[in-house]
Amino acid sequence: MSTTDRRSERGVPLRALDGITYWLGAGLTLFTLLYAVSLVFGWPLEGIIAEPEWVTRVERYMILFFGMGVALYYLDYAQDRFGVTGEDTDDGAGGDAAAESGLRGIYAVIDPYIAIALAVTAVAATAYIYANFTRLQGDAFILGYNTIDHVIGGIVIALAIDVTRRAFGTVIAAVAVLSILYAHSMVGTQLFGVFRHSGMSWQQIAENGAVGISGVYDPTLMRVGSTWVAIFIMFAGLAKTFGLMEFVREIGEELGTSLRTGVVQIAVISSMIMGSITGSAAANTATTGSFTIPMIKDQGVSDDVAASIEAVASAGGQMLPPVMGVAAFLMADIIQVPYLDIVQAGVIPAALFYFSVCLAVHFTILKFGWISSDLTPFNWRLLLRGLHFTVPMGVLLVTLVVLRYSPFTAGMYTIFTTVGVMYVRNLVVRFLEVDLEDGFELETEDVSGDEIVASVARTTKQTLDGLKQGGIDMAPLVGVLAAMGVIIKLLEGTGLTARVATSIIGMSEVSILGFGGGLFVVLFLAMIASILFGLGMPTPAAYILVAILVAKPITDLGTPTIATHMFVFYFAMLSAITPPVAISVAVGARIANASFLQSCKQALRLGAPGFVIPYAFIANDSLIYWSSETLLAFPLVLAGTVGLIVATIGFDGARDLSTPVRALYVVGALGAMFGSLVHVGVQLVAAAAIVGVLLHARVVVGYEMPAETETTPEAERSALD
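Residues numbered from 1 in each chain as written. Predicted model: local features only at pLDDT ≥ 70, side-chain atom pairs only at ≥ 80, totals over all residues. Heavy atoms only, no water.

A. Quick peek at the packing of aromatic side chains. Scanning the entire structure with this criterion turns up 30 aromatic pairs. Just above the ring of Tyr130 sits the side chain of Arg60; from NZ or CZ to the centre is 5.0 Å. The positively charged end of Arg166 is found above the aromatic ring belonging to Tyr77, 4.7 Å away from the centroid. (Phe/Tyr/Trp six-rings, centres within 6.5 Å; stacked < 30°, edge-to-face > 60°. Lys NZ or Arg CZ within 6 Å of the ring centre and 35° of its normal.)

Here it is in structure tokens:
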């Protein structure tokens, strides 16, 4: 019996769980929207219900948001686990879990009950902290915290770490646990060098980590997470329910039948767009990869290349403005600059990365003859199906870019517009019959009042489903943001962040072959640290960690602040395709049934320019801070990026390249990207040489590939290796 069939026969207790989860998910989104409305328009129920304290105090709002988010995650987790274990009736256990033996089987049966108990615990702990908020934030800081405060603080920290472990795996949860152990005096006093510190007691850890309205309730992370991040994640959930993601997929499939390179480029673009919103390269690889990877393989592309294309595109999606995997909001708040400055700064680096990926994929497809021969014209009428989505997208752009509203306010208006448009669209579509071949045809039958009521009811149900989905999508991020707040608060409390920054700056005096290492040494160390700290983490967590631990020493050497944060952020994102973890590649390889190591090799080949581009916008900071120099720097660095792709793929669009020629392309690429450090003329000459050679190969002027030649899998593997 399928999971769907099982759930249709769920007993009363589990149907109650379904209902509670549904309404708590919708309630979390509505709670967020209500807070947004109260900030913009004032308390909307004035005169009916007195204005609650959480409206005027963001800390109280964060406490309630955390409690609701954690409880929702546990209930949704229990709901899913009951579906897996087969406990869908009042009869008790069964299904897959019953087939397991030993402790694992026992744990699989009791795990959902544990999750429900933890959800209740989260509600109780939240109620305690909310009720004692005034004392905890004021008097207790001077008079001292009591035993119950410390116990509740420990429970809240444990809940945040456990949610993170269940939602995102053991890596980031282990980092949180290690930070707690490191902060304790029993460990800190036994260490040496920069790691040694006087330490904290367990009570102080509970105070700094939660009950002192810090750590879990970090004034930056949880505030931005519960407002700016939440509103966009919830919008994505709503848009998903209204069919936006399905529309993007349909457009991708249609475009795939119209391009020589088939669906491959469309997979890159769709993964880029969706990845920007999801906030997790691994999650995006799992969702979009489930349909893009099979389509790529159906075109004849090898398993490992198909997995690597999706993995690289999903990792790069985190870099795409305006959302940037929700890191854009965190970056703006941490640096204390306008949000639009971050969006502007991210445009050119993202364009360079995605152009390089698209070109690398294009050359790879041409090199091995994996092109589509059965092409059909693109059906432009298909775009009409998603025409209504342009209205909320337009509202989002206008409110963010023109009116310069905060992301929280812009997201609120966008959600309201989306819901309103769907009501109108679903009513209007009743009068229209859409025929993709013949266009629109008007129906002549009258529509009864009952049909209008039914349409409104269906849209209302769809809206509630979207609100629920938005809340459920946000719930795991509540846990990881809280865990990151604990990590940062404890590491700062021990003084480690300041000592690490001082040590990295000291490394700038190291000489390389008799020459001063200077900034390059610091940047290289920052790159390694960012990749290590980003392994396996979702976008918000990865950026926060590198921003706190790595960015400061670079800015202390005089590099521009936004460029520095973009630098460490990019490498944290590229950790998703960097062995040994390469979490995005691992997910893609599993879907494609490909070798993990081979997929990693192909991902590094496709994404190679991404490891150089961050250095380029440090050397050419006009790529970040737009000026008249940008008009020159951008095309020169773009030419260098093209040169790197030609070198890594070993193909220029017309022929395979020998190793010496590829080495010359690398030299030219580095000159075009970094020649300004010597003289801008070096950049100009190198870029002109790359473009000239490629023009000579007739890539730009429409070179026609020769007739396809048959190649064996062994020959393809040899060429790929």
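B. Looking closely at the pattern of salt bridges. In total, this model carries eleven salt bridges according to the counting rule given. Residues Glu53 and Arg60 are paired through a salt bridge, measuring 3.4 Å at the closest nitrogen-oxygen approach. Owing to a relative accessible area of 47%, Glu53 belongs among the partly exposed residues under this scheme. Across the pair Lys461 and Asp465 runs a salt bridge, and its minimum N-O distance is 2.9 Å. Remark: Asp465 and Lys461 occur in helix H22 (residues 449-494); sequence separation between them is four residues, near one turn of the helix. (Salt bridge = Lys/Arg side-chain N within 4 Å of Asp/Glu carboxyl O. Buried < 20%, exposed > 50% of the residue type's maximum accessible area, 1.4 Å probe, protein only. Helix = DSSP H or I, 4+ residues; strand = E, 2+ residues; numbered from the N terminus.)

C. Representation of the side chain of Ser302 within the structure. Secondary-structure assignment places Ser302 in the loop between helix H16 (281-298) and helix H17 (303-317). Accessibility expressed as a relative area gives 13% for Ser302, which makes it buried. Here the side chain of Ser302 touches Asp304 through a polar contact of 2.9 Å, side chain to side chain. (Polar contact = N/O pair within 3.5 Å; in protein donor to acceptor, adjacent residues only side chain to side chain.)

D. View of the packing of helix H19 (residues 339-368) against helix H27 (residues 561-574). Where H19 meets H27, the axes come as close as 11 Å, and the angle between the chain directions of the two elements is 50°. Looking at the two axes, H19 sits oblique to H27. Seen along the crossing, H19 lies across H27 with a hand that is right-handed. Between H19, through Asp341, Ile342, Ala345, Gly346, Pro349, Ala350 and Phe353, and H27, the contact on the second element is made entirely by Ile562, Met566, Tyr570 and Leu574. (Axes fitted to C-alpha atoms, helices over the stretch in contact; angles between N-to-C directions. Parallel < 35°, antiparallel > 145°, perpendicular 65-115°, else oblique. Left-handed = near helix turned anticlockwise from the far one by under 90°. Contact = heavy atoms within 4.5 Å.)

E. Just helix H9 (residues 147-168), in detail. A rise of 1.5 Å per residue sets the reference length of H9, with its 22 residues, at 32 Å; its end C-alpha atoms lie 32 Å apart and thus fit the reference within 8%. Its side-chain oxygen at 3.1 Å from the backbone nitrogen of Ile148, Asn146 defines the N-terminal cap of H9. Just past H9, the residue Gly169 takes up positive phi, approximately 90°. (Expected span 1.5 Å × (residues − 1).)

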